[in-house]
Amino acid sequence: MIRSALQSINSGHGGSERAAGASSSPRGTPISRFRTALAVGATLLGAVGLPAVGAGGAAAAGSTLHVNNAAGAHCTDSGTGTQAAPFCHVAAAAAAVQPGQTVEIGAGSYSDTAVTVTRSGTADAPITFRSQAQEHTAGGVASLTGGAPNYPDSAIVVKGADHLRFENLVVHSYQRPSVVVDGGHDVSFTNIAASGGGVRITGASDKVTWARGDFSYAPGPLLQVDGGSTGTVLTTNVVQPNSVTDSTGILVKDAPNTVVVANTVNAPCSAGIVLDGTSTGAVVENNVVNTAQNQNTACTTPAGATGITVAANSTTGTKVDYNLIDPRSGGAAYSWAGTALTTPDQLAANTGQGTHDFVAPTYVPKGPDAPADHRIDSADENAPGMLPTDRGGWAPVDDPTVTNTGTGSGIRDRGAYEMQDVGSVFTPAGPTRLLDTRAPIGVPAAQAVPAWGTVDLPVTGVAGVPASGVTAVTMNVTVTEPQADGHLTVYPHGDEAPNASNLNWPAGRTIPNLVTVPVKDGKVSFHNASGGTVHLIADLAGYYSTKGSLFHAQGPTRLLDTRAPIGVPAAQAVPAWGTVDLPVTGVAGVPASGVTAVTMNVTVTEPQADGHLTVYPHGDEAPNASNLNWPAGRTIPNLVTVPVKDGKVSFHNASGGTVHLIADLAGYYSAEGKVTYRPTGPIRILDTRTDTWSESGVRSAGTVPAWGTVDIPAGDYPNIAALTLNVTVTEPGAEGHLTVYPHGDAAPNASNLNFLPGETIPNQVVVPVKDGKVSFYNASGAPLHLVVDLFGLQAY
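Note that the structure is a prediction, hence the values are computed from the model and not measured.

## Overview of the side chain of Ser279
Inference 1: The topology assignment puts Ser279 in the loop between β20 (273-276) and β21 (283-285).
Inference 2: When sequence neighbours within four positions are dropped, the list of residues in contact with Ser279 reads Val252, Lys253, Asp254, Ala255, Pro256, Asn313, Ser314 and Thr318.

This is the structure in structure tokens:
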């Protein structure tokens, strides 16, 4: 169950060596998707059966020509290309198209001989050939092939034509380049997937752009610019040749002023990017180049596996910088004017180039000991040819675990893809009251929440929380004056209330719990799952977004026990209306400086009178907020996340009697780190009252025995550092406490929940993951049941 919940969360940075290269993206595997289409025949290939662009309306005269060879389309090459009677072949449309018109190509495979385009548009009225795009994948739904059988011809040939646009196509040829531009001017190709043959731009072509393309399963060079062509731009392409004789990625020969920017090139044991002949004035920036065998293995003959080659006659006016070159092929990183160079420092010393280049692995797996990933937030945003989005159309995202070293915004990544799964980081805030149905705060009127009722609470643009970009909030939520037994579920606004709970209560009881919940539409929702009214209170503890502090899971380790004494000079209860200041930095693995907040499980025990506890930054006044509420004599725990000030936090006993306090460290936040938060769910991952599926199999329904332990798999993902859970103990047979801790460790002297016989009690738990599991220890003399809901995870 956790696996299915986390697969989408972990689909970004993770993956194999090959997944980091041309055959995958942070959002999927576009090349693998169009390989299926290639199996039906050559290129222009696509996902046959998807609806054609513009279906359902008549073509506007003079603006759109339609091509559709699907059964029932009533196509004819002798007509005028209306939607009702489209052309059967792309070549027929190419022979009829006029400036300013668009050729819409329906879903399917078109095995024409080469579609030769000789008609030109104008600068103000270009001619466009396109099919419907497949979102964030290679190519489109229409596939052009270089004739049949065996596809001997190019799929598209532009011969001396100007002002053309080609978009969202799959092209294929076995024996020639899939696309040839010969003497073209102002011609652009966007979102084209080419297989079987590459692309050649030649014949003194000028201002040709090839952007967001995918190239694979063909001999090199896959992108070739030659024949005196000028002003060519090759940007944001994935290039992966596949040949035992020549797998050169990009070759520019006798083609001045070529821009090669933001490409991902995997050229096994061959040259990655080559400037040959007289190709002066080139710009080679922000590329990720890997010439290793299988992207991670040294080549048997590495001499030809050079990352970037600049011939002697191509050095004048050429700029090489901000590239990442993988050294594992064993070949030289650079060849400059015939001299092999292995490091950026050597290149800079000899040429003044490459001062921002890296020679390092182009794929770095996530983990606590992972080296720096030099792709991330390090590109030259101001390089010519840079597009606003990546190969899949995704916008750049700031990775909060990486220092921004690029130009401009500093958050552009090198290569064709922008990493997407970067997670969120925490900004501590408050405590500030956001909701009180008694006051009213956060609601229009002072009124209890009705039985089975729901409250929607805006949480963005208030109390210092940004108006946008917030992924989750952490609040201390309190239920008070409930008329009937029940539970509360807090969940993203607009979703259905899930099978999960945050607080459970008996009638008349005041119960608090810390809640971390995903935000949707700037709001979260509270559902009263009971047959009576309740009042709700919510105090903000912080929020998650792209800016903030990173979590470090610790312990659990006891920082405070006024009975022992731990964290205080003497064993003494906190007096009525008294305050305890607790140092939380420089202890228990928490750094002495740079800590912005701590997360602790705080327990009140032996209270002499009803009251509540407020935990807040040291030196501030105690705010109008609460973290724990108790009746006299009861032991009550709650998870608390609190900002740190002067290295300390303060605990205020807001009651007329003494209390003892216990605080167990769960983790801390600071500016440095490798772990970010992924909100999810809430999703129920364990209920011992019913059979529960996990990666380890099915756990049959049954109690946790006295002094017994239950282990829960955290998923088979090695990059998970900690889980955020809501844990509920129900039907306990004796008084006791529950400890949640990393699997394989000894159960520590710490507690997460304290309970009396027969009661149901919840608490949020943040627990480190070890060996892919977390453990739950029933420290009582009788069996009990456990219910565990997943709310998020901290991951590398």
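Moving on from the model shown.
## Re the state of the cysteines
Inference 1: Tallied over the entire structure, the rule returns two disulfides.
Inference 2: Assigning the bonded cysteines of the protein consecutive numbers by sequence position, one obtains the connectivity 1-2, 3-4.

## Remarks on the side chain of Asn601
Inference 1: For Asn601, the location among the structural elements is in strand β39 (residues 595-605).
Inference 2: Only 2.9 Å separates the side chain of Asn601 from the backbone oxygen of Ser751, close enough to count as a polar contact.
Inference 3: Polar side-chain contacts of Asn601 include one of 2.7 Å to the side chain of Asn763.
Inference 4: Aside from chain neighbours lying at most four places away, what touches Asn601 is Pro637, Asn638, Leu639, Ile662, Ala663, Asp664, Ser751, Asn752, Asn763 and Gln764.

## Digging into the sheet that holds strand β53 (residues 773-780)
In any sheet, the strands associate via hydrogen bonds between backbone groups, in a parallel or an antiparallel arrangement.
Inference 1: Strand order in the open sheet made by the four strands is β48-β53-β50-β51, with antiparallel pairing throughout. Edge positions in the sheet fall to β48 (709-713) and β51 (753-755), since each has one partner strand and no second. In this sheet, neighbouring strand axes are inclined to one another by 20° on average, regardless of whether the strands run parallel or antiparallel.
Inference 2: Across five bridges, the pairing between β48 and β53 is antiparallel. Of the residues in β53, the one forming a bridge with Ile712 is Val774.

## Overview of the pattern of salt bridges
Inference 1: Here the structure, examined in full by the defined rule, presents 26 salt bridges.
Inference 2: Note that Glu104 is salt-bridged to Arg130, the shortest N-O span being 2.7 Å. Of this pair, Glu104 sits in strand β2 (residues 102-105) while Arg130 sits in strand β5 (residues 127-131), placing them 26 residues apart in sequence.
Inference 3: Classification of Glu104 as buried rests on a relative accessible area of 7%.
Inference 4: Under the relative-accessibility criterion, Arg130 is labelled partly exposed at 30%.
Inference 5: Two residues, Asp326 and Arg328, come together in a salt bridge whose shortest N-O distance is 2.8 Å.
Inference 6: For Asp326, a relative accessible area of 2% corresponds to the buried category.

## Section: the environment of Asn719
Inference 1: Mapping Asn719 onto the fold places it in the loop between β48 and β49 (720-730).
Inference 2: As for Asn719 and Gly772, which are separated by 53 residues in sequence, their C-alpha atoms are 9.4 Å apart.

## A short note on the pairing of strand β1 (residues 64-67)
Remember that side chains alternate between the two faces of the sheet whenever the strand is regular.
Inference 1: Side-chain alternation along β1 places Thr64 and His66 on one buried face and Leu65 and Val67 on a second face that is also buried.
Inference 2: Relative to β2, β1 runs parallel, the two being bridged by four bridges. In the strand pairing of β2, Leu65 is matched with Val103.
Inference 3: As a crossover connection, the stretch from β1 through helix α3 (residues 90-96) into β2 is right-handed.

Scoring rules and cut-offs
- Residues numbered from 1 in each chain as written.
- Predicted model: local features only at pLDDT ≥ 70, side-chain atom pairs only at ≥ 80, totals over all residues.
- Heavy atoms only, no water.
- Helix = DSSP H or I, 4+ residues; strand = E, 2+ residues; numbered from the N terminus.
- Contact = heavy atoms within 4.5 Å.
- Disulfide = S-S within 2.5 Å.
- Polar contact = N/O pair within 3.5 Å; in protein donor to acceptor, adjacent residues only side chain to side chain.
- Pairing = 2+ DSSP bridges.
- Axes fitted to C-alpha atoms, helices over the stretch in contact; angles between N-to-C directions.
- Salt bridge = Lys/Arg side-chain N within 4 Å of Asp/Glu carboxyl O.
- Buried < 20%, exposed > 50% of the residue type's maximum accessible area, 1.4 Å probe, protein only.
- Right-handed = clockwise from strand over helix to strand, strands pointing away.

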